[in-house]
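The lines below spell out each chain.
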Amino acid sequence: MVDRQSRRVFLRRAAASVVAAGLAPHHALGARRESMTADTRSTDQPKPFFKTRGVVIVPDDIRTWNWPDQAAKAGLSTIATHPFPRDLEPFVKTDTWHAFWQDCQRLGIQVEHELHAMADLLPRDLYQKDPSMFPMDDKGRRLRSYNLCVHSKAAVETVCENLTRYAKLLRPTTGRHFYWIDDGKPMCRCPKCRDLSDTDQAVLLENHMLDALRKLDPKASLAHLAYLNTIEPPKQIKPNPGVFLEWAPISRRFDASIARRDAGDGHHGKLLDTLTANLDVFDPSHAQVLDYWLDESLFYRAQKPPRLVKIPWNRDVFRKDLELYAGLGIRHVTTFAVKVNAQYVKQFGEPPLDEYGQGLREVGRSTAPSPP
Ligand SMILES: [Zn+2]
């Protein structure tokens, strides 16, 4: 176990390379990259540094494309489903799912579920019974459509009961669970909640949710999603060590590495500061980056009107991103790949899964500073 003082030293060192990478990428991480190439040539298939090499997809992608074969061919470790428990509940009862599950077992691919969950964990029809379970807005109204009041005991208990039910149905093969708050939606502003940030409210809830999961599996862990309104680290609520960081930089650019602090008029620098600040609270060795390199659904939505487009893949940007993440001690990396399916392949040919998997197997193997 890495103690806090050693982690600070490690993170200071890692943060220094982030700064250096932002100012002069060829000087800092570039030099390490050259030595890595030499090292990997002389080694006989060392284990990848990145333990999780994943993709996150939706049922329609599983239905129409042979994801297990494609993932295995690219050397990926993990396929996770998305987006809502209510979609997955009927899907995991279908023959398509059973065939998918068996293929993943045969090929050694881990299966997880990464879900926007709160609207399902606290059923919305309970609003009629007890509006105080639901979040209050700035004007004092209780809102039905998303999230919850984390100071409502009844709400937290209901969330934990439904979590237990879903966790039995949607079993991850890794023990890692992902039941996020609703997508980018605010948390509660009631008098008891309002002094806690959205992040602190999420962590307070996640500590309770982890307790519920550990009754099913003492080794279970639960993701804390740092994203949009929860991208800043918790300040007042300490996460249980079984709650791990999942950092998702949805507003990043794809024509410049996340290591380029100046990209997007300094936006990457601000994003990176949220990552390093979160890594001061959460254990880097369990942290996961949820990136968007292969997220056709993101590129689709960016078109006016929305339409399928070729993924703007840039191998060099991707590998520089991985060098940065490895340098911070992050060993779990996944990407959304929603809408990468038969329709996409028909229109644009094979997606760059091979280069994605190759990067995740090669980068960081002999270069990342070992956590002390
Ligand atoms: Zn509240």
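The structure under discussion appears in the preceding block.
Residues numbered from 1 in each chain as written. Predicted model: local features only at pLDDT ≥ 70, side-chain atom pairs only at ≥ 80, totals over all residues. Heavy atoms only, no water.

Visitor: Tell me about the packing of helix α8 (residues 153-169) against helix α9 (residues 198-216), and please be specific about residues and values.
Guide: At a minimum axis separation of 9 Å, α8 and α9 run at an interaxial angle of 40°. It follows that α8 is oblique to α9 by the angle criterion. In this structure, α8 meets α9 at a crossing whose hand is right-handed. Note on element contacts: α9 touches α8 through Leu205, His208, Met209, Ala212, Leu213 and Leu216, opposite Val156, Val159, Cys160, Leu163, Thr164, Ala167 and Lys168. Broken down by class, the residue content of the contact of α8 with α9 amounts to 10 nonpolar, two polar and one charged. (Axes fitted to C-alpha atoms, helices over the stretch in contact; angles between N-to-C directions. Helix = DSSP H or I, 4+ residues; strand = E, 2+ residues; numbered from the N terminus. Parallel < 35°, antiparallel > 145°, perpendicular 65-115°, else oblique. Left-handed = near helix turned anticlockwise from the far one by under 90°. Contact = heavy atoms within 4.5 Å. Nonpolar A, V, L, I, M, F, W, Y, C, P; charged D, E, K, R; others polar.)

Visitor: Which residues make up the packing of helix α12 (residues 315-327) against helix α14 (residues 353-362), and what are the values?
Guide: Contact geometry for α12 and α14: axes closest at 10 Å, N-to-C directions at 30°. One way to sum up the angle between α12 and α14 is to call them roughly parallel. Our pair here, α12 against α14, has a crossing hand that is right-handed. Residues Arg315, Phe318, Arg319 and Leu322 of α12 form the contact with α14, whose participating residues are Glu355, Tyr356, Gln358, Gly359, Leu360 and Glu362. Partitioned by chemical class, the residues of the contact of α12 with α14 number four nonpolar, two polar and four charged.

Visitor: Outline the sheet that holds strand β2 (residues 78-81), supporting the account with residue identities and numerical values.
Guide: Read once around its circumference, the closed barrel built from eight strands follows the order β1-β2-β3-β4-β5-β6-β7-β8, with strand pairing classed as parallel. For this sheet the average axis-to-axis angle between neighbouring strands, irrespective of direction, equals 30°. Sitting on the sheet, helix α10 (residues 263-279) is in contact with β5 (221-226) and β6 (243-247), with an inclination near 170° to β6. (Pairing = 2+ DSSP bridges.)

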